[in-house]
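Report on the structure
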Amino acid sequence: MDTAAGDAGVAERVRVGLLADLRLDEVAVVEARGRRIAVFHTEEGVFGVDDRCTHQDAALSDGFLEGCLIECPLHASFFDLRTGEPSGPPATRAVATYPVVDEDGELFVELPVPADGGVS
Ligand code: FES
């Protein structure tokens, strides 16, 4: 995994890989700052979310993708990849989302970096 410092320390950019290698409806997982981030390629774009359901300990990267919705593999809550919001119980809290930038065919996830440099 490659990382690059963001502008003025506001964001840390984590390289995901080449867009050409991430097929439509596929997911890639990257790790940074103690987090696992799932990066999904959908027809509406590429989206990054925490790779952990907000209900219990399930990897959303193991879920089932339907358009921009990812279905948790454990109890079937859906999360909207654009907003992180769950569609209904048992999950009630949104999953964190991260911007994904396409730079000349290379994908990067942007993570916020708190002012003290710790994990936000
Ligand atoms: S662990 Fe995801 S809905 Fe329960």
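Because the structure is a prediction, the values reported are computed rather than measured. (Residues numbered from 1 in each chain as written. Predicted model: local features only at pLDDT ≥ 70, side-chain atom pairs only at ≥ 80, totals over all residues. Heavy atoms only, no water.)

**Here we look at the sheet that holds strand E5 (residues 45-50)**
- Across the sheet, which stays open at both edges, the four strands sit in the order E3-E4-E5-E9 with antiparallel pairing between neighbours. Two strands lie at the open edges of the sheet, namely strand E3 (27-32) and strand E9 (97-98), each paired on one side alone.
- In this sheet, E9 lies alongside E5 in antiparallel orientation, the contact comprising two bridges. Its bridge partner lying in E9, Val49 is registered against Thr97. (Pairing = 2+ DSSP bridges. Helix = DSSP H or I, 4+ residues; strand = E, 2+ residues; numbered from the N terminus.)

**What about the sheet that holds strand E7 (residues 69-71)?**
- Spatial ordering of the open sheet is given by E6-E7-E8, a layout of three strands whose pairing is antiparallel. Among the strands making up the open sheet, the edge pair consists of strand E6 (64-66) and strand E8 (78-80). Neighbour-to-neighbour, the strand axes of this sheet turn through a mean angle of 25 degrees, independent of strand direction.
- As defined by bridge partners, E6 adjoins E7 across three bridges and the pair is classed as antiparallel. Bridge pairing links Phe64 to Glu71 in E7. (Axes fitted to C-alpha atoms, helices over the stretch in contact; angles between N-to-C directions.)

**Some details on the pattern of salt bridges**
- Considering all chains together, one arrives at nine salt bridges under this definition.
- A salt bridge links Glu106 to Arg15; the nearest nitrogen and oxygen atoms lie 2.4 Å apart. You can see Glu106 sitting in strand E11 (residues 106-112) and its partner Arg15 sitting in strand E2 (residues 11-18), a full 91 residues away along the chain.
- The class for Glu106 is partly exposed, based on a relative accessible area of 25%.
- For Asp57, the salt bridge is made with Arg52, and the minimal N-O distance between the two is 3.1 Å.
- For Asp57, a relative accessible area of 60% puts it in the exposed group.
- Relative accessible area serves as the criterion here: at 48%, Arg52 is assigned to the partly exposed category.
- Among the charged side chains, a salt-bridge network with shared partners connects Arg13, Glu103 and Glu110. (Salt bridge = Lys/Arg side-chain N within 4 Å of Asp/Glu carboxyl O. Buried < 20%, exposed > 50% of the residue type's maximum accessible area, 1.4 Å probe, protein only.)

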